[in-house]
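Single-letter residue listing:
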Amino acid sequence: MLIRYKVWASGIAFDTVAGLPEEELIKERQTTFKTILHTLNHIYVVEDIFRAHLEGRQHGYAARNTETSPTLPALREASRNMGRWYIDLADSLTEDELSEIIEFEFVGGGAGAMARMEILYHIVNHATYHHGFVSDMLYQVPVRQPANDLPVFLRDVWNKN
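First things first, this report covers the structure right here in the doc. (Residues numbered from 1 in each chain as written. Predicted model: local features only at pLDDT ≥ 70, side-chain atom pairs only at ≥ 80, totals over all residues. Heavy atoms only, no water.)

### What to know about helix 1 (residues 2-18)
Reasoning step 1: Here helix 1 contains 17 residues, and its C-alpha end-to-end distance of 24 Å stays within 8% of the 24 Å for a straight helix at 1.5 Å per residue.
Reasoning step 2: In this structure, the buried residues of helix 1 make contact with helix 2 (22-26), helix 3 (36-55), helix 4 (72-92), helix 6 (116-140) and helix 7 (150-156). (Helix = DSSP H or I, 4+ residues; strand = E, 2+ residues; numbered from the N terminus. Expected span 1.5 Å × (residues − 1). Contact = heavy atoms within 4.5 Å.)

Take a look at the structure:
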């Protein structure tokens, strides 16, 4: 359910920013990743890094974001595909697989080890955290995006199925 929530909330963010002029997407602001587009890209990069960990392969990233961001349409499509991958994974894992510890190297250095379930929780929590930054930047435009809180997802999406 939480992975589906993350995908739904990301869709709201992308739907909202798709209506912005290009200059608002790349306008530098007082935030960690400087722009709306680069913040959304960071969410994707972290999901890709942890996907590689879950698949037991190298990810090839030297940082938790890329130097430049792809275009919004390319990032949106990549994010949709990543969301589908995480949903398919979450649907396929058994209880034993969810508890399995995955060992990896953090991008910034150092050994890491997390259960698959903890990685999935991290993906959800991380995206939610950075969606908050995107919301703040949207207020600066000013644009207000539709509510993307968990209770709204539960009411409007999850409990209707």
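Now that the structure has been shown, we can carry on.
### Remarks on the packing of aromatic side chains
Reasoning step 1: Summed over the entire model, instances satisfying the criterion amount to eight aromatic pairs.
Reasoning step 2: Plain terms: the ring middles of Tyr5 and Trp8 are 6.1 Å apart, the flat faces sit at 35° to each other, and that makes the pair tilted. Of this pair, Tyr5 and Trp8 both sit in helix 1, three residues apart, which is roughly one turn of that helix.
Reasoning step 3: Taking the relative accessible area as the measure of exposure, Tyr5 reaches 8% and is therefore buried.
Reasoning step 4: Centroid distance Trp8 to Phe153: 5.4 Å. Interplanar angle 50°. Geometry classified as tilted. (Phe/Tyr/Trp six-rings, centres within 6.5 Å; stacked < 30°, edge-to-face > 60°. Buried < 20%, exposed > 50% of the residue type's maximum accessible area, 1.4 Å probe, protein only.)

### Some points on the side chain of Asp48
Reasoning step 1: With respect to the helices, strands and loops of the structure, Asp48 is situated in helix 3.
Reasoning step 2: Summary of buried charges: Asp48 has no salt-bridge partner, and the nearest side chain of opposite charge, Arg57, is 4.2 Å away. (Lys, Arg positive; Asp, Glu negative; His and termini not counted. Salt bridge = Lys/Arg side-chain N within 4 Å of Asp/Glu carboxyl O.)

### Details of the packing of helix 1 against helix 6
Think of two packed helices as two axes; the pair is described by the angle between the axes and how far apart they sit.
Reasoning step 1: The contact between helix 1 and helix 6 brings their axes to 10 Å, and the two run at 20°. What the angle tells us is that helix 1 and helix 6 run roughly parallel. Two packed elements cross with a definite hand, and for helix 1 against helix 6 that hand is left-handed. Packed against helix 1, whose contacting residues are Leu2, Ile3, Tyr5, Lys6, Ala9, Ser10, Ala13, Thr16 and Val17, the element helix 6 presents Leu120, Tyr121, Ile123, Val124, Ala127, Thr128, His131, Val134 and Leu138 at the interface.
Reasoning step 2: Of the residues in the contact of helix 1 with helix 6, the class split is 13 nonpolar, four polar and one charged. (Axes fitted to C-alpha atoms, helices over the stretch in contact; angles between N-to-C directions. Parallel < 35°, antiparallel > 145°, perpendicular 65-115°, else oblique. Left-handed = near helix turned anticlockwise from the far one by under 90°. Nonpolar A, V, L, I, M, F, W, Y, C, P; charged D, E, K, R; others polar.)

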